Amino acid sequence: MLDALKLFLEGALFKRICSTVIILVIGILAIRVIMKLLNRSLERSRLEKAAHSLITSLTKVALYILLGLIAASTLGIDVSSIVALASVLTLALSLALQNMVSNVIGGFTILSTHPFHSGDYVEIAGQSGTVQEINMSYTMLATPDNKLVSIPNSAVVAAQIVNYTSAESRRVDIPVSAAYSAPTQKVIDALALAGTVDNALLDPAPQAVITGYGDSAISYSLRVWVKSADYWDVYFSVTQRIKTIFDEQGIEMTYPHLNVHLDR
């Protein structure tokens, strides 16, 4: 028995086992250090929090797979067949889960390119709402009437994205019509006055311009700059104030009509 144990301890298999154990211990410690450094780097980066878990999970899985292959090779196991089998299984799985894989890749693209962030008000493929969550499969939007819309990330990446809150300020454009009988400068001054509401920016100041001449009215546009967060409050306040000031100054806000003259 002692001779057999001595032969085992002196044999190549024991040396391989010892080498494998050492490699596993060093590898596990190295992976822990790498993951700590990666987490610190991600915390200092501008990536969304949703991307952190994906990157750390994929990195951890890849490192442990690599460590396992190295350990198997040290034991004398032919890993080429294992790699070939894993490649075939990965290909089959990716074909079966093509849509899911596309969404995951789309989610990673969104989180790395930053077309929007959580809390931004965006329009994606005609659907508008506030970004509630960006996970690895869907982007969740909350509409103004509090509906939750889930858009696949693959569709988000392929769509035109309009981000309304990425900039600090936005311009409110309100179209208005007034009768031909109203002096144009009087209308412009009245509109500029209507634009001076709370939360409206004074630099640049509200501006009113003529945009066209219709069949029964002159078209104007009032442009007011606001902070992005105050857009709708200012929009509704200015819209209401325009009618009030027009009534005070006797400016007629016309509507399409037709005058018919009968000759006898």
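Residues numbered from 1 in each chain as written. Predicted model: local features only at pLDDT ≥ 70, side-chain atom pairs only at ≥ 80, totals over all residues. Heavy atoms only, no water.

Caption draft 1: Main features of the sheet that holds strand β4 (residues 148–152). Spatial strand order, β4-β3-β2-β1-β5: five strands in an open sheet with antiparallel pairing. Each edge of the open sheet carries a strand with a single partner, namely β4 and β5 (161–163). On average, adjacent strands in this sheet sit at an angle of 40° to one another, irrespective of strand direction. Pairing of strand β2 (residues 127–134) with strand β3 (residues 138–142), which is carried by four bridges, proceeds in the antiparallel orientation. (Pairing = 2+ DSSP bridges. Helix = DSSP H or I, 4+ residues; strand = E, 2+ residues; numbered from the N terminus. Axes fitted to C-alpha atoms, helices over the stretch in contact; angles between N-to-C directions.)

Caption draft 2: Broad picture of unusual backbone geometry. With an omega dihedral of 0°, the bond running from Asp203 to Pro204 counts as a cis peptide bond. Secondary-structure assignment places Pro204 in the loop between α7 (184–194) and β7 (207–213). One non-glycine residue, Asn146, adopts positive backbone phi at about 70°. Residue placement: Asn146 occurs in the loop between β3 and β4. One non-glycine residue, Asn199, lies in the positive phi region at around 75°.

Caption draft 3: Here's a closer look at the side chain of Arg170. Relative to the elements of secondary structure, Arg170 occurs in strand β6 (residues 169–178). Once residues lying within four places of it in the same chain are set aside, the contact partners of Arg170 are Tyr164, Val224, Trp225, Val226, Ser228 and Tyr231. (Contact = heavy atoms within 4.5 Å.)

Spatial relationships are all this shows, so hold off on functional conclusions.
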